[in-house]
Amino acid sequence: MSIPRYSRPEMTRIWEPENRFHIWFEIEAHACDAQAELGVIPKDAAKAVWDRGAFEVARIDEIERETRHDVIAFLTNLAEHVGPEARFVHQGMTSSDVLDTCLAVQLTQATDILLADMDRVLAALKKRALEHKDTVCLGRSHGIHAEPTTFGLKLATHYAAFKRGKERLLQARREIATCAISGAVGTFANIDPAVEAHVAAKMGLEVEPISTQVIPRDRHAAFFATLGVIASSLENLAVEIRHLQRTEVREAEEYFAPGQKGSSAMPHKRNPILTENLTGLARVVRAAVTPAYENVALWHERDISHSSVERVFGPDATITLDFALSRMAGVIEKMYVYPESMQKNLDQLGGLVHSQRVLLALTQAGISREDAYLIVQRNAMKVWQESADFLSLLKADEDVAGKMDEAALAACFDAGHHTKRVDVIFERVFG
């Protein structure tokens, strides 16, 4: 369950009983208005619900201890305030009409906060990417030095992922924002579809085309799967920062505040605690995905096997992701970047990061790719084994010298070659 340490008040309020029962009240009151317009109930009764309608969370809990039914407990407490006209409340409706429509409202409220969170992360990534568009650093594959890239390109990669995540979240919001006021087994036998349309419009939702007493759970599965993908993008970025902060690398680092302590035992420590925390929080969000898939398969028109699951992971996943996105935005905004360390690491293997350029130059000079690969590799292995200078070794290699002069060889070691398309990529990503 979500805990205060990883919760923010605005998101938490969405899942508190006060908000839930307020949404229930609005659903019931709007339904009464529609029923009154249809002549099913007196207009004075609908007005009485709005005028005198109220509830107390403690009283609802007290009634539920006896009834063992939360919606009935709510309606009983509501009737205590409304009076005789309360007999017209919930006409032709079933509990799932209230519960599922309320959940749709809560998830859309939560999504609006998450979308704002995503915008902050995107803004931070864009700003830092532009700042370091031309800051050359190592690209790594398998954790091993590969070829030069720029730190701006690294951040732009994550920006693009979060931009896709935002687009998926917008689609997930559209899919989840549906209203069902269709009565038992969803046939509208005892309630006019016009009531559903009215409630949907008032609650900012779309009409569920066909509900079977419950809103189909494939919608919820897609929603929580989207949260899981966003959480994975968070973890991907968090892991990158954690690796770059390792002492042996130290190309980037989380902000370390005055007075902050890194270790109870070792005063020198500056640990990547925020991004480690984000890796853990991503696991919490993704834990909702499989249960959401499993909730799709309900018995016949409905059962409540989904209910207990959603009461736990509905709040947990949204509250946790909200906190995680906010934390990540702060990490990016305040992150230290060390270009000097990046250059030091680029130079660490004596120019090996330019091996492909030499390979391609030799093939252009007339050597077969297979032979060129062997020539470059045998010199590269000496660098690994002897900490030699790669360019010096190549200049001394007769097979290389016979095909390329020193100027052509030196040109292969120009880092600018690897950054010449950065503007093209940035235009694709940022427009």
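Details of the structure are given in the entry above.
Remember, predicted model here, so these are calculated numbers, not experimental data. (Residues numbered from 1 in each chain as written. Predicted model: local features only at pLDDT ≥ 70, side-chain atom pairs only at ≥ 80, totals over all residues. Heavy atoms only, no water.)

Caption draft 1: Spatial organisation of the packing of aromatic side chains. One pass over the full model with this rule turns up 14 aromatic pairs. Plain terms: the ring middles of Phe21 and Phe55 are 5.9 Å apart, the flat faces sit at 65° to each other, and that makes the pair edge-to-face. With a gap of 34 residues between them, Phe21 in helix 2 (residues 17-37) and Phe55 in the loop between helix 3 (43-52) and helix 4 (57-67) connect regions that are remote in the sequence. Pairing Phe223 with Phe224 gives two aromatic rings, centres 5.2 Å apart and planes at 85°, and the pair type is edge-to-face. Using a relative accessible area of 2% as the deciding quantity, one classes Phe224 as buried. (Phe/Tyr/Trp six-rings, centres within 6.5 Å; stacked < 30°, edge-to-face > 60°. Helix = DSSP H or I, 4+ residues; strand = E, 2+ residues; numbered from the N terminus. Buried < 20%, exposed > 50% of the residue type's maximum accessible area, 1.4 Å probe, protein only.)

Caption draft 2: Looking closely at the nonpolar core. Core analysis: the biggest nonpolar cluster contains 61 residues, and Phe151, Phe162, Phe224, Leu227, Leu325 and Met328 have the highest contact counts within it. Among the elements of the structure, helix 1 (9-14), helix 6 (95-131), helix 7 (151-176), helix 9 (218-245), helix 10 (273-286), helix 12 (305-334) and helix 20 (422-430) are those that each provide at least two residues to this core. In terms of residues, this core owes the most to one element, helix 6, which gives twelve residues. The next biggest cluster of nonpolar side chains, apart from the first, holds 41 residues, and it includes Ala34, Val71, Val195 and Met203. (Core = buried A, V, L, I, M, F, W, Y, C linked by side-chain atoms within 4.5 Å.)

Caption draft 3: Local environment of empty space enclosed by the protein. Summed over all chains, the structure comprises one cavity of 30 Å³ or more. The space that makes up the largest cavity amounts to roughly 50 Å³. Of all the elements in the fold, those that place two or more residues in the lining of the largest cavity are helix 7 and helix 9. (1 Å grid on protein atoms, 1.4 Å probe; cavity = no way out; pocket = protein on both sides within 12 Å on 5 of 7 lines; lining within 4 Å. Points joined across faces, edges and corners; volume = space filled by probe spheres on them.)

Caption draft 4: Region of interest: the layout of surface pockets. Reported here for the largest pocket is a volume of approximately 470 Å³. Secondary structure elements with two or more residues in the lining of the largest pocket: strand 2 (144-150), helix 14 (355-364) and helix 15 (369-386). By residue number, the principal contributor to the lining of the largest pocket is helix 15, which donates seven residues. Residue classes in the lining of the largest pocket are distributed as eleven nonpolar, six polar and two charged. When its volume is computed, the second largest pocket comes out at roughly 340 Å³. Lining the second largest pocket are 18 residues, and of these Arg20, Leu99, Leu103, Gln106 and Arg311 lie nearest its centre. Broken down by secondary-structure element, the contributors of at least two residues to the lining of the second largest pocket are helix 2, helix 6 and helix 12. Ranked by residues supplied to the lining of the second largest pocket, first place goes to helix 6 with six residues. (Nonpolar A, V, L, I, M, F, W, Y, C, P; charged D, E, K, R; others polar.)

Caption draft 5: Main features of unusual backbone geometry. For Arg68, which is not glycine, the phi dihedral falls at a positive 60°. Its identity as a non-glycine residue notwithstanding, Phe188 has a phi of 60°, on the positive side. Looking at the element boundaries, Phe188 is found in the loop between strand 3 (178-179) and helix 8 (193-203).

Caption draft 6: The pairing of strand 1 (residues 136-141), seen in detail. Pairing analysis gives five bridges linking strand 1 to strand 2, with the strands arranged antiparallel. Bridge assignment links Cys137 to a residue of strand 2, and that residue is Thr149. Taken together, strand 1 and the strand that follows it, strand 2, pair antiparallel across an intervening segment of two residues, in which His142 is found at a positive phi of about 60°. (Pairing = 2+ DSSP bridges.)

Caption draft 7: Structural context of the side chain of His90. In this fold, His90 is placed in the loop between helix 5 (70-82) and helix 6. You can call His90 buried: its relative accessible area is 17%. Ignoring any residue separated from it by four or fewer positions in sequence, one finds His90 in contact with Glu28, Val71, Leu75, Ser95 and Val98. (Contact = heavy atoms within 4.5 Å.)

Caption draft 8: Region of the structure containing the pattern of salt bridges. Scanning all chains against the criterion turns up 23 salt bridges. In this structure, the salt-bridge partner of Asp100 is Arg217, at a minimum N-O distance of 2.7 Å. Here Arg217 lies in the loop between strand 4 (206-207) and helix 9 and Asp100 lies in helix 6, a separation of 117 residues in the sequence. The same class applies to Asp100 and to Arg217, which are both buried. (Salt bridge = Lys/Arg side-chain N within 4 Å of Asp/Glu carboxyl O.)

Caption draft 9: Geometry of the side chain of Thr108. Among the structural elements, Thr108 can be located in helix 6. Only 2.7 Å separates the side chain of Thr108 from the backbone oxygen of Val105, close enough to count as a polar contact. The contacts of Thr108, once residues within four sequence positions are left out, are Arg173, Ile176, Ala177 and Leu205. (Polar contact = N/O pair within 3.5 Å; in protein donor to acceptor, adjacent residues only side chain to side chain.)

Caption draft 10: Inspection of the packing of helix 6 against helix 7 at higher detail. Where helix 6 meets helix 7, the axes come as close as 9 Å, and the angle between the chain directions of the two elements is 165°. As the angle between them shows, helix 6 and helix 7 are arranged roughly antiparallel. Viewed along their axes, helix 6 and helix 7 form a crossing whose handedness is left-handed. Here the contact of helix 6 with helix 7 is composed, by residue class, of 16 nonpolar, five polar and seven charged. (Axes fitted to C-alpha atoms, helices over the stretch in contact; angles between N-to-C directions. Parallel < 35°, antiparallel > 145°, perpendicular 65-115°, else oblique. Left-handed = near helix turned anticlockwise from the far one by under 90°.)

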